[in-house]
Structures are given as structure tokens and as C-alpha cells.
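If you want the building blocks of each chain, they are given just below.
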Amino acid sequence: MLSAGAPGAGGSERHGGRFSVLSWEQVQRLDQILGEAVPIHGRGNFPTLSVRPRRIVQVVRSRLEKKGIAVHNVRLNGSAASHVLHQDSGLGYKDLDLIFCVDLKSEDSFQLVKDVVMDCLLDFLPEGVNKDKITPMTLKEAYVQKLVKVCNETDRWSLISLSNNSGKNVELKFVDSLRRQFEFSVDSFQIILDSLLLFRECSENPMSENFHPTVTGESMYGDFGEAMDHLRSRIIATRNPEEIRGGGLLKYCNLLVRGFKPKSEVDMKALQRYMCSRFFIDFSDIGEQQRKLECYLQSHFVGMESKRYDCLMTLHRVVNESTVCLMGHERRQTLNLIAMLAVRVLAEQNIIPTVTNVTCYYQPAPYVSEINFNYYVTHVQPLRPCSHSYPTWLPCN
């Protein structure tokens, strides 16, 4: 479908409906993202692949359909979709999340999807590379950052994340069914790419304001207009918070650091309790918590390393205020982990902590009864399980 002129940015939004037609300015931003070459970095001696997202979608889709897997549509998801809809959202965008809506009715379908992506990577290798002895396993080790497969009563999907050294991974998600597709309203947008991709393949004329495809966006939050209002005003809101997985707590703290505010303080208190509980369900072991936090900090603050400390201290405050599901020593152990990572972040940035710009937390020795004393921050020791039962954490003043 072609548009003979489009309204201004956001001019076609309707409150109450989950779909909206993108404006010309939004279509331009979308086309730019799909047309920019993205580097996929290889490990070891494997060369860097430079591939446009548009090309990735076309090749993967074509190969899947040849193998008998129907692709109903392809969508742009996550922060990149939010950036297309509102450029000054404050979210930026890191990963390029592409959703292929497919049928995954058997175990063989999951394997076939993986084989197709590996086969496409082989084709993306530059000329002059001897491909004869390169196996799918070799390609996976060289170019795949993460592989995920979920198959249960409510969710059937897989994820293949392609490596990028700057953290801007191309994430290919193949979804048959997925009960929860967003965390907050501002990251609930999905943009259906089919019409724009078809236009680029078939049209001999360039796009213009009066001649471009009609591109539709959908808010999984349910109300596209309301979600757009939240995005413009930097408001944190959600539905059915009990369904948000453990990583939602870190996303919530990230939004707070970026200047987003809760829609309702009362609702957010309940939301924080839900998210803390789910975080400790999904990451019950202190080692799992440390790996999750380190991975999140590494991948979500590329170019914004100075915000890592703020995010950790925000997380410390939320966990301290809202955790009701843990024993006292478990709660202190997690708070100790967060504080340790915060000090490490400062050390990595060569920042000397002072009481004017940093809050440090420590567990006092049993013989300490007076908190008004001078102290020094020394080398951070490796985390060990807390075996003491000191009554509280004390702020260093």
C-alpha cells in the first residue's frame, strides 16, 4: 500500500487502538536504519561482516520460505523501534531487534531456523574467503554472541544474537508464540517492515513525502497513543507487572537513570516489589546475580559508561526499599554485591570516591560502635557469601 502524503509526526495516532500508521519522518528514519551497514565482528581470524539489516531480513526470509517455514511478517522491535517513532526519546538505541513471525511447531523447525541463519552467514563472508571447510559450528563460534531457545506451553521462540564489539548486536528473534512481548509502554513498539521492504525491492522510483509505502506500528502495551505519550514525556508505565521477568528490574533502573519518571508513585511501589521478587526468582544464586549485572552493565551502557555507577546505586536503593522476599542475610549479600560493583565501576573510570559525589556502603566490624570516623576505600575483595548477621548497612558520612 502506498501513501499519497502522510500527516506530520504522530499525526495518525489514535488513543485506544494498538496500531498506528507511521508519518513520513518516521518512515525516513526507519529506512535509514535498515539501510545502514552494521558490522558483525568475527572472533579470532574471522573477518568482520558488513551487512545492511535490510539485506539480512531479505536473505533469511527467503531461505526460510524455501525450507518450508512460513514467515508471516518481519518487525523491528525494542529501542530501535522507539527511536524511529520518537528520535529524542532519551532511550537511544543499541541492539537492532528483528522479529520473524514464523511457525515453530516441531523441534526440527528450531534446528532448521538455526541452520538457515548459519548458512546466510556463510554467504555474507567476503569474496576470497575459502568457505569449503567452514562448518555451521565454526560460524556459530565466530559470529554468534548468544543463542536462546524457549519452548513451553505459552512461549515458542528462539533468538540468535550476532556479535558486535561496540554492543550494537543484530538480534534475530524467531517467534511462534510469546506471551509477554514488552516490559514497559515505552519499549512496547513493533514496526511491521514488510511494506517498506517490498517497496525497496519493486519500486523504480525513490521514496518521497508524497510517494512512500504505508508502514504500520503496533504497541504491545495495547494503546499506541498512550504509549507514545509516555515515550514523549518519559513516563514509566506498564500492564500486568507480575508477568515481567527478572531483567525488568534492571531495565526499570536504567529508565530512572535516563530521566524517566513513574506514572504513579503508588503503583510503582507495588511494581518495584514485583520486579525485585521476580529478579530473585530468576537469579536466585549470588553468582547468577553477579553475572547478570556485569553482562547488563557491559552491554547497555556503551558510550555511557559514566551512567553505570548511577544505575547501580539506583538499583541498590530499589532493592533496599522494595525487597520483601528474601532472608536478611540474602538481602545484605545482594546489596553487598551491588555496592562492590559500584566501587569497581568508579575504579575503572579512575574516579576517587569522595563523600560529595558518591555514596559508599559497608558492613561495620563487630567492634565498631561509632560511625563518625574517617575511612579509606581499599582494594575491592572478591565477593564471598555473607556469613555474619550484622543488623544493617550504614551510609558513610
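Residues numbered from 1 in each chain as written. Predicted model: local features only at pLDDT ≥ 70, side-chain atom pairs only at ≥ 80, totals over all residues. Heavy atoms only, no water.

### Points about the packing of helix H1 (residues 24-35) against helix H3 (residues 78-85)
This is how the line gets drawn: To obtain an axis, a line is fitted to C-alpha atoms, over the contacting stretch when the element is a helix, and the angle between two such axes runs from 0 to 180 degrees between their N-to-C directions. Numbering of helices and strands starts at the N terminus; helices are DSSP runs of H or I of at least 4 residues and strands are runs of E of at least 2. Angular relationships are summarised with four words: roughly parallel below 35 degrees, roughly antiparallel beyond 145, roughly perpendicular across 65 to 115, and oblique for the angles in between. Contacts are assigned to residue pairs with any non-hydrogen atoms lying within 4.5 Å of each other. Ten residue types, Ala, Val, Leu, Ile, Met, Phe, Trp, Tyr, Cys and Pro, are classed as nonpolar, four, Asp, Glu, Lys and Arg, as charged, and the remainder, Gly among them, as polar.
Between H1 and H3, whose axes approach to 8 Å, the crossing angle comes to 140 degrees. Relative to H3, the element H1 is oriented oblique. Contacts between H1 and H3 involve Gln26, Arg29, Leu30 and Ile33 on the former and, on the latter, Ala80, His83, Val84 and Leu85. For the contact of H1 with H3, a count of residues per class yields 5 nonpolar, 2 polar and 1 charged.

### A closer look at the environment of Ser322
As a reminder, the rule being used: Classification of residues uses two cut-offs on accessible area relative to the type maximum, computed with a 1.4 Å probe and protein chains only: under 20% is buried, over 50% is exposed, and between them is partly exposed.
Mapped onto the secondary structure, Ser322 falls in helix H11 (residues 307-322). Classification of Ser322 by relative accessible area gives buried; the value is 4%. In the structure, Ser322 is positioned 45 residues away from Ser277 in sequence and 8.8 Å away in space, judged by C-alpha atoms. Once residues lying within four places of it in the same chain are set aside, the contact partners of Ser322 are Gln272, Arg273 and Cys276.

### What about the pairing of strand E9 (residues 170-177)?
To be explicit about the condition: Paired strands, as defined in this entry, are two strands with at least two bridges between them according to DSSP.
Looking at chain direction, strand E6 (residues 96-102) and E9 are connected through 6 bridges and run parallel. Each residue of the ladder has a partner; that of Phe100, found in E9, is Phe174. By the bridge criterion, 7 bridges tie strand E8 (residues 156-162) to E9 in an arrangement that is antiparallel. Considered in E9, the bridge of Leu159 is made with Lys173.

### Regarding the packing of aromatic side chains
Each aromatic ring pair is described using two quantities: the centre-to-centre distance and the angle formed by the ring planes. Our working definition: Within 6.5 Å between ring centres, the rings of Phe, Tyr and Trp (the latter by its six-membered ring) count as paired, and their orientation is classed by plane angle as stacked under 30 degrees, edge-to-face over 60, tilted in between. Each ring is checked for a lysine NZ or an arginine CZ that lies within 6 Å of its centre and within 35 degrees of its normal; such an atom marks a charge sitting over the ring.
Taken as a whole and judged by the stated rule, the model has 9 aromatic pairs. Here the aromatic rings of Phe46 and Tyr143 are separated by 5.9 Å at their centres, their planes lie at 80 degrees, and the arrangement is edge-to-face. Of the two residues, Phe46 is situated in the loop between strand E3 (38-40) and strand E4 (49-51) and Tyr143 in helix H5 (residues 136-143); the sequence distance between them amounts to 97 residues. Phe46 sits in the partly exposed class, given a relative accessible area of 24%. A relative accessible area of 0% means that Tyr143 is categorised as buried. Ring plane angle 20 degrees and centroid distance 5.0 Å describe the contact between Phe100 and Phe174, whose orientation is recorded as stacked. Of this pair, Phe100 sits in strand E6 while Phe174 sits in strand E9, and the two are 74 residues apart along the sequence. By the burial criterion, Phe100 is buried, and Phe174 matches it. Put simply, the rings of Phe279, Phe280 and Phe283 touch in pairs and so form one group of aromatic residues. Between Lys173 and the ring centre of Trp157, over which it is positioned, the NZ or CZ distance is 4.5 Å. The positively charged end of Arg239 is found above the aromatic ring belonging to Tyr221, 4.1 Å away from the centroid.

### As for the packing of helix H10 (residues 286-300) against helix H12 (residues 328-348)
The geometry of a pair of packed helices is captured by two quantities: the angle between their axes and the separation between those axes. This is how the line gets drawn: Handedness of each helix crossing follows the sense of rotation of the near helix against the far helix: counterclockwise by less than a right angle gives left-handed, clockwise gives right-handed.
It is at 11 Å that the axes of H10 and H12 come closest, and there the two elements cross at 35 degrees. Two packed elements cross with a definite hand, and for H10 against H12 that hand is right-handed. From H10, Ile286, Gln289, Gln290, Leu293 and Glu294 reach across to H12, where they touch Gln333, Thr334, Leu337, Ile338, Met340, Leu341 and Arg344. Taken together, the residues that form the contact of H10 with H12 break down as 6 nonpolar, 4 polar and 2 charged.

### Describing helix H9 (residues 265-282)
To keep it simple, the criterion reads: Helices are assigned an expected span. That span is 1.5 Å times one less than the residue count. An arc is given here, and it is the one of the directions from the helix axis to the C-beta atoms.
Taking 1.5 Å of rise per residue, 18 residues should cover 26 Å, and H9 covers 25 Å from first to last C-alpha, within 8% of that figure. Listed as buried for H9 are Met268, Leu271, Gln272, Met275, Cys276, Phe279 and Phe280. In a view along the axis of H9, the buried residues occupy a sector of 160 degrees, so they form one face of it. Set apart from the buried face of H9 by more than 90 degrees, the exposed residues are Val266, Asp267 and Ile281.

### Considerations on the nonpolar core
Let me state the cut-off plainly: The nonpolar core is taken to be a set of buried Ala, Val, Leu, Ile, Met, Phe, Trp, Tyr and Cys residues, with the residues joined through side-chain atoms within 4.5 Å.
Within the largest apolar cluster, 104 residues are counted, with the highest numbers of intra-cluster contacts made by Leu30, Leu76, Phe100, Phe174 and Ile191. Among the elements that line this core, the one with the most residues is helix H4 (residues 107-124), at 9 residues.

### Structural notes on the sheet that holds strand E2 (residues 19-21)
Read across the open sheet, the 8 strands follow the order E2-E12-E10-E5-E6-E9-E8-E7; overall the sheet is mixed. Of all strands in the sheet, those with a lone pairing partner are E2 and strand E7 (144-151), marking the two edges. For this sheet, the mean inter-axis angle between neighbouring strands, taken without regard to orientation, is 25 degrees. By the bridge criterion, 3 bridges tie strand E5 (residues 71-77) to strand E10 (residues 189-192) in an arrangement that is antiparallel.

### A look at unusual backbone geometry
Backbone geometry places Arg234, a non-glycine residue, at a positive phi of 55 degrees. Mapped onto the elements, Arg234 comes out in the loop between helix H7 (224-233) and strand E13 (235-236). Given a relative accessible area of 29%, Arg234 falls into the partly exposed group. With phi around 45 degrees, Asn240 is a residue other than glycine that occupies positive phi space. Tracing the chain through its elements places Asn240 in the loop between E13 and helix H8 (248-257).

### Overview of the side chain of His41
Condition: In protein, a polar contact requires one atom able to donate a hydrogen and another able to accept it; more generally it is a pair of N or O atoms within 3.5 Å, and residues adjacent in sequence count only if both atoms are side-chain atoms.
Tracing the sequence through the fold places His41 in the loop between E3 and E4. A relative accessible area of 18% means that His41 is categorised as buried. In this structure the side chain of His41 is engaged in a polar contact, spanning 2.8 Å, whose partner is the backbone nitrogen of Asn165.

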